Amino acid sequence: MMPTAHRRLLFLALTLLSAASILIASAAGSVTLNWSEWLAAISNSSSDQGELLWRLRLPRAAAAWTVGALLSLSGCLMQVLLRNPLADPYILGVSGGASCAALFGMTLGVAAGVIPALAWAGALVSILIVFSLARGEGPWSGTRLLLTGVVTASGWAALISLLLTLGPDSSLRGMLFWLIGDLSYAKLPYWALAILVLVFLACLGMARSLNVLAMGETTARLLGEPTRKLLWIVYLLASVLTATAVSIAGNIGFVGLIVPHLMRLLVGSDHRILLPAAAMFGGLFLVLSDTLARTVLAPRQLPVGVVTALLGVPLFLLLLNRARVKQ
Amino acid sequence: MSVLECSKVNVRIAGIQVVRELDLKIQPGQFWGLLGPNGIGKTTLLKCLAGLDQPAAGQVLLESRNINELPRKLLARHIGMLQQHTVYVFDSSVLQTALTGRHPHLAYWEREGARDLEKARMALDAVGLSDFQARSVTGLSGGEARRLAFAALLVQEPEIMLLDEPTNHLDLKHQVKIMGMIQSRTHSGRHSAFAALHDINLAASYCSHVVMLFGEGNWCAGPTGEMLNETSLEKLYHCTVERLEGASGPRFHPAPG
């Protein structure tokens, strides 16, 4: 258990780091702003640099933070839901449905602004398919949900390959970026932020229940949880988080798998601390990754999914190794 | 002080009837031992008693109410169960895990308070894990994990304790300690316990009552002194049993061959 003082310090640090990450993201890029230019730009939104800041960089940084938080939160929930530390937000096919719909839209050449709505609709279809097939009568079965989800995801993957094969060459690059995860066109939609806040509060309310759920379904029932209901709520909340993230930024990998783990190693597995810590760290991690994606090979922009993987994998392995040494 | 009751309970495993029309009243002050060979339905019966499973027929009643119709949270305040296996997938500290026993007693947003912490510490102390509070659960030995699970059950403070082979993985000292703790809880007259056991001598020493499952639906139940003898045990385990008179009552052991 974490002492209250440590907990406050942790959240203060995560808040400051989040603010710093957004500051860096807004200053860095093809045109790097120094401190006085940044101040001038932020106070005058109609100047060129002000436009850059207010219309491009800040919305993109805010979108990155939101998507990172959505994915990390979803990852935490999926891992408890399936009681499997290898679960990630995409494992049950939510992102597959979203990708299929988005790619289909791109094949048809619909306007970029419509893609998020299409993706959300695709994700919803996938959620409903898995939900209705895995639900059945009788007691909760994590295995049935996992198998239904994984097989549905494979089905979507096949359709995605088909769309990539049949799609016009002109849209292939966009499709690929979308599949790797890309924030180039991301604007912060307020509905996404609202979903994040609402689901986060709901999860925080259930945090102690999630703690007992992580000890196994039977243990949770013996400790007074109506687990069948609770687990379906967790499934739906995690799916909504994933669907929202994917519809904004495509399939950004590794954040939803690695951030929950990193935070478990750092703050333990009490969800009352883990959930907010993971959400905030996921947010700032994605903001920094996206800033790197824009700047490393500037003026070329990389899809942020490449950076999250390249950063996340060694970071994760390092921390895992350190944790083992400590034990 | 609640009474847990089986009324004409049938238990089936994979379509085969293992218990037929079991009538049983677990009263405060009683410590029941559940005896029977492997696969005879002990765990399944315990699950029915905990409301985890539904009996194939009949009812399990808590204070005359069907437990399958009671909300889980209410049940968890009256009935606690030590499961046969405890597997920890996610890491957590020993103290944090013991504290989960308070879960059914806390409201939705409530955090564990100083009193809950005190209860968890006392329970860990009682099972000899007080120096392990900050240790991670995934690094515990089988016996230590067993004692931690029992500590969490103590923290839950149920009136009725269901235990599935509580002495599994425990050394002699801790077997005696834990059985003694369960017995002294029931001696207070407010608590009862019902434990599936394989050690007939632990049952003979600690249990006030035993129920034996012979298979094919047959069972018998009653006070330990009347139930435990060579004849019933030979019928139960299908092997020759010898009776020895110990200082604290009869002891049974299987005859070789």
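Conventions we followed
Residues numbered from 1 in each chain as written. Chains lettered and ligands numbered in written order. Predicted model: local features only at pLDDT ≥ 70, side-chain atom pairs only at ≥ 80, totals over all residues. Pairing = 2+ DSSP bridges. Helix = DSSP H or I, 4+ residues; strand = E, 2+ residues; numbered from the N terminus. Axes fitted to C-alpha atoms, helices over the stretch in contact; angles between N-to-C directions. Contact = placed C-beta atoms within 7 Å. Parallel < 35°, antiparallel > 145°, perpendicular 65-115°, else oblique. Left-handed = near helix turned anticlockwise from the far one by under 90°. Buried ≥ 20, exposed ≤ 12 C-beta atoms within 10 Å, placed from the backbone. Core = buried A, V, L, I, M, F, W, Y, C linked by C-beta atoms within 7 Å. Nonpolar A, V, L, I, M, F, W, Y, C, P; charged D, E, K, R; others polar. pLDDT = per-residue confidence, 0-100.

A few words on the sheet that holds strand β3 (residues 31-35) of chain B. Residues and elements named next belong to chain B. Taken together, the six strands give an open sheet; going across it, the order is β6-β7-β8-β3-β9-β10, and neighbouring strands pair in mixed fashion. The sheet is open, and its two borders are formed by β6 (79-82) and β10 (218-223), each paired with just one other strand. Within the sheet, the average angular offset between the axes of one strand and its neighbour, ignoring direction, is 15°. Packed onto the sheet, helix α5 (residues 142-156) meets β6 and β7 (160-164) and runs at close to 175° relative to β6. Sheet strands touched by helix α6 (residues 172-187): β3, β7 and β8 (192-196). Its angle to β8, the strand with the most contacts, is close to 150°.

So, about the packing of helix α12 (residues 255-267) of chain A against helix α13 (residues 271-295) of chain A. Residues and elements named next belong to chain A. Orientation of α12 relative to α13, taken along the N-to-C sense of each, is 125°, at an axis distance of 9 Å. For the element pair α12 / α13, the angle class is oblique. Handedness of the α12/α13 crossing: right-handed. Judged by residue contacts, Val-255, Val-259, Pro-260, Leu-262, Met-263, Arg-264 and Val-267 of α12 engage Ile-273, Leu-274, Ala-277, Ala-278, Phe-281, Gly-282, Phe-285 and Leu-286 from α13.

Now for helix α1 (residues 42-49) of chain B. Residue and element names in this part refer to chain B. In terms of burial, α1 is largely enclosed, as six of its eight residues are buried. Taken together, the buried positions of α1 are Lys-42, Leu-45, Leu-46, Lys-47, Cys-48 and Leu-49. A positive backbone phi angle near 80° is found at Gly-51, which sits one or two residues after α1.

Turning next to the nonpolar core. In terms of nonpolar packing, the biggest core is built from 171 residues, with A:Leu73, B:Ala98 and B:Ala151 touching the most fellow members. Of all the elements, helix α3 (residues 48-81) of chain A adds the most residues to this core, at 15 residues.

To continue, consider the pairing of β8(B). Side-chain positions along a regular strand alternate between the two faces of the sheet. All names here are of chain B. Counting buried positions along β8 yields five of five residues, so the element is predominantly enclosed. Burial along β8 is two-sided: the face carrying Ser-192, Phe-194 and Ala-196 and the face carrying Ala-193 and Ala-195 are both buried. Judged from the four bridges that link them, β3 and β8 form a sheet pairing that is parallel. In the sheet register, Gly-33 faces β8, and the bridge partner there is Ala-195. By the bridge criterion, five bridges tie β7 to β8 in an arrangement that is parallel.

With that out of the way, let us pick up the interface of chain A and chain B. On the chain B side, the residues contacting the 22 residues of chain A number 24 residues. Put simply, the parts of the chain that give the side of chain A that touches chain B at least two residues each are α9 (207-213) and α10 (217-222) of chain A. Classifying every residue of the side of chain A that touches chain B gives eight nonpolar, eight polar and six charged.

Right, let's get into unusual backbone geometry. Residues and elements named next belong to chain B. Even without being a glycine, Ala-14 presents a positive backbone phi close to 50°. One can find Ala-14 in the loop between β1 (4-13) and β2 (16-26). If you check the backbone angles, Glu-21 has positive phi at about 45° while not being a glycine. Positionally, Glu-21 belongs in strand β2.

Attention now moves to the environment of A:Leu257. Residues and elements named next belong to chain A. Residue position: Leu-257 is located in helix α12. For Leu-257, a count of 24 C-beta atoms within 10 Å puts it in the buried group. Considered as a pair, Leu-257 and Pro-89 are 168 residues apart in the sequence and their alpha carbons are 7.4 Å apart. The contact partners of Leu-257, leaving out residues within four places of it in the chain, are Gly-75 and Asp-88.

It is worth spelling out the confidence of the model for chain B at this point. Per-residue confidence for chain B averages 93 on the pLDDT scale, and 100% of its residues sit at or above 70. Quick note on the complex model: pTM equals 0.92, ipTM equals 0.94.

The next thing to look at is the environment of B:Trp219. Residues and elements named next belong to chain B. With respect to the helices and strands, Trp-219 occurs in strand β10. Given 24 C-beta atoms within a 10 Å radius, Trp-219 is considered buried. Counting along the chain gives 184 residues from Trp-219 to Leu-35, while the straight-line C-alpha distance between them is 9.9 Å. Contact partners of Trp-219, with chain neighbours within four places excluded, come to Val-19, Leu-22, Val-211, Met-212, Leu-213 and Phe-214.

A word on the sheet that holds strand β5 (residues 65-66) of chain B. All names here are of chain B. Pairing in this open sheet of four strands is antiparallel, and the strands run β2-β1-β4-β5 from one edge to the other. In this open sheet, the two strands that pair with only one neighbour each are β2 and β5. Pairing analysis gives five bridges linking β1 to strand β4 (residues 57-62), with the strands arranged antiparallel. What sits directly across from Leu-4, in β4, is Leu-62. Against the sheet, α1 makes contact with β1, β2 and β4, and its axis sits at roughly 135° relative to β1, the strand it touches most.

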